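Observations on chain architecture
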Amino acid sequence: MTKLTSPCTPRSRDLDVAIPDDFALASGQRLTCPVQARLVGPADGPLVVVAGGISADRQAADTPDNPGWWGWAIGDGAPIDISRVRLLAIDWSPEAGGDVIATITSHDQARLLALVLDQIGADRINAFVGASYGGCVGLAFAELYPERISRLVVISAAHRAHPAATAWRGVQRRLLWLGLDTDREAEAIALARELAMTTYRSAEEFETRFGDCAPPSLAGDPYSVCDYLIARGQAYQAQTTARRWISLSDSLDRHSVRPEAITALTTVVGFSSDRLVPLSDSRDLATRLPHLIQFVEAPSLYGHDAFLKERAIIAGVLTTTLSDLSSPCSQEIAA
């Protein structure tokens, strides 16, 4: 008996979009690798771009073989319902060739996204949902291309990098440089990730999880919270390179947009325990946006990682923003 496929079954397609020879970053550098992107969902569905932190990539949705970084939010009937919307996600592009570390801005990333849109024949993004670095790129895109975006959701991101966040990331970058200089790159990546985790999560979460743990037997041995960080660092060693991390980390600290220039209908989400993007910066962004639709200010135990952990809050925002986007189902992805 032949199994019938629903006409609304999402289809996916990976794209390699060549970068023109005359495309230069704001730094004057040129990239050597194509932009890699993934489309999921019906070809005639409203276009929704999803972008996450510097560790995120084009696999936002789950696949049969691998979980997506935001898989819980994407699927048939999910807040980002790929039975009726067309989802686009890209890999961040810091590669400059060889040992060069690309100096790339959030506006550069927005221009690279525009190349992908041109490739798929999309004149306009119906909704851009960006969290962390993805929110920065969403703001930059809306500033550069006001005619190409209708709605913007900015989660755990603001219009500028906070100096305290730059300070923490600066230490991470120096650790990565030390690893390159001493030929201990993997160890440096792990240690920088450990430090990063202390900024992604909140003091309250560490207290809840590790406040009652006994100290180790000997000075210099890891405490329970250190065992957790060490495990997270080791798990991240194979996920990036030191040069890529330096490039994207630096890009976060170069980020700057003028909120008054954003004409898209915008929703801003900030969390009270986020130390990388303080709630005061989210409030400032929301206050200065000409077309603010909603400002969601929420408590969380999870700090900057709340956009990954606070599913009910994020699902509510996404459902509200995307629920009235609709179009007929289609089986194919537009080329």
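For the structure itself, look to the data block above.
In what follows, the accompanying structure is described. Model, not experiment: these values are computed from the prediction.

A closer look at the overall build of the protein
Tallying secondary structure elements over the protein gives 10 helices and 10 strands in all. For 335 residues, the compact-globule estimate of 2.2 N^0.38 gives 20 Å, and the C-alpha radius of gyration of the protein, at 20 Å, lies within 12% of that figure. With respect to the principal axes defined by its C-alpha atoms, the protein has extents near 65 × 55 × 45 Å. Looking at the protein as a whole, 53% of its 335 residues qualify as buried. Within the protein, contacts between residues at least 6 apart in sequence are counted, and of these 77% link residues at least 24 apart. Of the roughly 14,900 Å² of accessible surface on the protein, 50% is carried by carbon and sulfur atoms. The average position of the 30 basic charges and that of the 40 acidic charges among the side chains of the protein differ by 2 Å.

Some points on helix α8 (residues 279–288)
Residues L279, D281, S282, L285 and A286 constitute the buried set of α8. Burial along α8 is one-sided: seen end-on, the buried residues are contained in an arc of 160°. Of the surrounding elements, those touching the buried residues of α8 are α2 (133–144), β8 (149–155), β9 (265–271) and β10 (292–298).

A few points about the environment of L15
Looking at the secondary structure, you find L15 in strand β1 (residues 12–17). L15 sits in the buried class, given a relative accessible area of 8%. Residues in contact with L15, not counting those within four places in the same chain, are V35, Q36, A37, L39 and I120.

Here we look at the nonpolar core
One broad rule of soluble globular proteins: the nonpolar side chains tend to lie buried together. Of all hydrophobic cores here, the largest spans 70 residues; its most connected members are L88, L113, L117, F128, F141 and L152. Dropping the residues within four chain positions of it, L117 is found in contact with L47, L88, A122, I125, F141 and R148. Counting 31 residues, the second largest nonpolar core, distinct from the first, contains A73, A131, V296 and I314.

Structural notes on the pairing of strand β3 (residues 47–51)
Within β3, 5 of the 5 residues are buried, which leaves the element mostly enclosed by the surrounding structure. Because side chains alternate across β3, one face comprises the buried residues L47, V49 and A51, and the other comprises V48 and V50, equally buried. Bridge count between β3 and strand β6 (residues 86–90): 3 bridges; the pairing is parallel. Note that in β6 the partner of V48 across the bridge is L87. Bridge count for β3 against strand β7 (residues 125–131) is 4 bridges, and the pairing is parallel. Opposite V48, over in β7, you have A127 as the bridge partner.

The rules behind these values
- Residues numbered from 1 in each chain as written.
- Predicted model: local features only at pLDDT ≥ 70, side-chain atom pairs only at ≥ 80, totals over all residues.
- Heavy atoms only, no water.
- Helix = DSSP H or I, 4+ residues; strand = E, 2+ residues; numbered from the N terminus.
- Rg over C-alpha atoms; globule rule 2.2 N^0.38 Å.
- Buried < 20%, exposed > 50% of the residue type's maximum accessible area, 1.4 Å probe, protein only.
- Contact = heavy atoms within 4.5 Å.
- Areas by Shrake-Rupley, 256 points an atom, 1.4 Å probe, with all protein chains shown as cover.
- Lys, Arg positive; Asp, Glu negative; His and termini not counted.
- Charge placed at Lys NZ, Arg CZ, Asp CG, Glu CD.
- Arc of directions from axis to C-beta.
- Core = buried A, V, L, I, M, F, W, Y, C linked by side-chain atoms within 4.5 Å.
- Pairing = 2+ DSSP bridges.

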